[in-house]
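Examination of the molecular architecture
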2 protein chains.
Amino acid sequence: MQTNFQKRDRYGMYTRGHGGPGPALMGADTLMGNDVFNRDGESLGDIKELMIDMASGRVAYAVLSFGGVLGLGDKLFAVPWAALALDTVNQRFTLGVPKALLKDAPGFDKGHWPEMADKAWARSLHEFYGTTEPIA
Amino acid sequence: MQTNFQKRDRYGMYTRGHGGPGPALMGADTLMGNDVFNRDGESLGDIKELMIDMASGRVAYAVLSFGGVLGLGDKLFAVPWAALALDTVNQRFTLGVPKALLKDAPGFDKGHWPEMADKAWARSLHEFYGTTEPIA
């Protein structure tokens with residue numbers, strides 16, 4: 001989507017010369033549309049949403065579109081937060097999952113979201129991405 | 001801002017007839033601009049941002065504008081996530097803090113954000129709102 005957290009900073013949270021929140025704390029709204037690359041420097045897609053577990057206050061998943069090298073632009077993909085790393089130099093995210101594996105990532109269609117509070121669904125997703133389910 | 005998570009649902013995550021993520025998991029983008037009321041049913045303001053602690057993946061603070069009954073529209077206020085509750089019936093948030101106390105809430109100006117990773121700042125904010133600092 002060719003945007004990043006600096007461009008989306010409407011409230012001056014990343015203004016230089018002040019301590020500010022970043023990069024330890026980042027504004028959720030400023031992360032929307034930020035690019036996601038793999039470790040080979042290939043564009044995978046971008047961040048469409050961040051799903052917050054309301055009880056714990058944790059970002060459980062980022063919802064991504066893989067319209068980049070994978071060409072899966074029509075589907076949405078929930079990716080565990082722990083699988084993503086902020087790249088402050090390039091102002092984007094890195095998803096350290098090989099392209100070959102991502103082709104089999106479990107996706108869903110707009111309007112047909114999985115029941116994300118379902119434990120079995122969460123477990124299978126964490127298994128796929130090799131991440132650990134956070135303890136509330 | 002007269003919006004709510006239903007109106008801001010661009011990807012059909014709250015579409016009826018499917019399990020979906022909500023209300024256990026909510027999309028961060030859909031919460032932007034959502035109203036915040038107090039327990040007396042008075043409008044306090046709305047949600048401008050959600051600040052994510054990147055290491056833990058927790059929403060540390062919501063950033064609010066108190067342009068409602070308090071008339072403090074120009075300032076921004078960081079409010080610990082634990083102080084807010086989602087009101088699914090009215091599709092808004094409830095902040096259970098008395099108006100008299102909120103008048104002394106620590107605010108900041110656009111472009112002059114506090115250093116949110118600072119432990120002393122975090123401690124004083126949690127003291128003000130009577131919330132507990134989450135353990136990473």
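For every chain, the first residue of the written sequence is number 1, and numbering continues from 1 along that sequence. Chain letters start at A and ligand numbers start at 1, both assigned in the order the entries are written. Given that this is a predicted model, residues contribute local features only at a pLDDT of at least 70 and side-chain atom pairs are listed and counted only at 80 or more, while totals for whole chains, interfaces and linings are drawn from all residues. Note: side-chain values were computed over all heavy atoms of the structure, leaving out hydrogens and water.

As recorded in an unreviewed UniProt entry, chain A goes by Photosystem reaction center subunit H and comes from Rubrivivax gelatinosus.

1. Brief notes about the pattern of salt bridges
Quick reminder of the rule: What makes a salt bridge here is a side-chain nitrogen of Lys or Arg within 4 Å of a carboxyl oxygen of Asp or Glu, nothing more. Here the term buried applies to any residue with accessible area under 20% of the maximum for its type, exposed to any over 50%, and partly exposed to those in between, with areas from a 1.4 Å probe on protein chains only.
For the structure on display, the rule yields ten salt bridges over all chains. Here Asp87 of chain A ties to Arg92 of chain A by a salt bridge, and the two come within 3.8 Å at their closest N and O atoms. Lys48 of chain B is the salt-bridge partner of Asp46 of chain B, the closest N and O atoms lying 3.2 Å from each other. Residue Lys48 of chain B is classed as buried on the basis of its relative accessible area of 14%.

2. Focus: helix α3 (residues 119–129) of chain B
Residue and element names in this part refer to chain B. Selection rule: Counting from the N terminus, the helices are DSSP H or I runs at least four residues long and the strands are E runs at least two residues long. The directions considered for the arc run from the helix axis to the C-beta atoms. Contact between two residues is taken to exist if any of their heavy atoms lie within 4.5 Å; hydrogens are not considered.
Listing the buried residues of α3 in full gives Trp121, Ala122, Leu125, His126 and Tyr129. What you see down the axis of α3 is that its buried residues fit within an arc of 130 degrees, all on one side. Of the residues in α3, the exposed ones pointing more than 90 degrees away from the buried face are Lys119 and Glu127. Buried residues along α3 sit against β4 (58–66), β5 (72–80) and α2 (99–102). Positive phi appears at Gly130, one or two residues downstream of α3, with a value of about 65 degrees.

3. Re the UniProt feature "domain: PRC-barrel" (unreviewed entry) in chain A
Rules: UniProt positions are given in the numbering used here, feature names are shortened, and annotations may be inferred rather than shown by experiment.
Here the UniProt feature "domain: PRC-barrel" (unreviewed entry) sits at residues 27–101 of chain A. Secondary structure within residues 27–101 of chain A divides into 9% helix and 55% strand; the distance between the first and last C-alpha atoms comes to 30 Å.

4. Brief notes about the side chain of Ser56 of chain A
Residues and elements named next belong to chain A. Formally: Each polar contact in these results corresponds to two N or O atoms within 3.5 Å; when the atoms are within protein, one needs to be able to donate a hydrogen and the other to accept it, and residues that are neighboring in sequence are counted only if both atoms are side-chain atoms.
Inspection of the secondary structure assignment puts Ser56 in the loop between β3 (43–53) and β4 (58–66). On the basis of relative accessibility, which here comes to 15%, the residue Ser56 falls in the buried class. A polar contact is formed between the side chain of Ser56 and the backbone nitrogen of Arg58, at a distance of 3.2 Å.

5. Regarding the pairing of strand β3 (residues 43–53) of chain B
Successive side chains on a regular strand alternate, one facing one side of the sheet and the next facing the other. To keep things clear, this is the line we draw: One requirement defines pairing of two strands: DSSP has to find at least two bridges between them.
Within β3 of chain B, nine of the eleven residues are buried, which leaves it mostly tucked inside the rest of the structure. Across three bridges, strand β1 (residues 25–27) of chain A lies against β3 of chain B in antiparallel orientation. Looking at the pairing, Leu25 of chain A lines up with Asp53 of chain B of β3 of chain B. Looking at chain direction, strand β2 (residues 35–37) of chain B and β3 of chain B are connected through three bridges and run antiparallel. Looking at the pairing, Val36 of chain B lines up with Gly45 of chain B of β3 of chain B. Hairpin connection between β2 of chain B and β3 of chain B: a loop of five residues separates the two successive antiparallel strands, and Gly41 of chain B in this loop has a positive phi of roughly 75 degrees. Of the pairings in the sheet, the one linking β3 of chain B to β4 of chain B comprises seven bridges and is antiparallel in character. Counterpart to Ile47 of chain B in the pairing with β4 of chain B is Leu64 of chain B. What sits between the antiparallel neighbours β3 of chain B and β4 of chain B is a turn of four residues, in which Gly57 of chain B has the positive phi angle 75 degrees.

6. Remarks on the pairing of strand β7 (residues 92–95) of chain A
Residues and elements named next belong to chain A. As paired elements, strand β2 (residues 35–37) and β7 share two bridges and run parallel to each other. Pairing of Phe37 across the sheet is with Thr94, part of β7. The sheet contact formed by strand β6 (residues 84–87) and β7 spans four bridges and is antiparallel. Bridging from a neighbouring strand, Leu86 pairs with Phe93 of β7. The hairpin turn running from β6 into β7, its antiparallel successor, is four residues long, and Gln91 in that turn takes a positive phi close to 55 degrees.

7. Let's talk about the side chain of Asn4 of chain A
Residues and elements named next belong to chain A. With respect to the helices, strands and loops of the structure, Asn4 is situated in the segment before β1. For Asn4, a relative accessible area of 10% translates into the label buried. For Asn4, the side chain forms a polar contact with the main-chain nitrogen of Gln6, separated by 2.9 Å. There is a polar contact of 3.0 Å between the side chain of Asn4 and the backbone nitrogen of Lys7. Not counting the four nearest positions on each side in its chain, Asn4 is found in contact with Thr30, Asn34 and Gln91.

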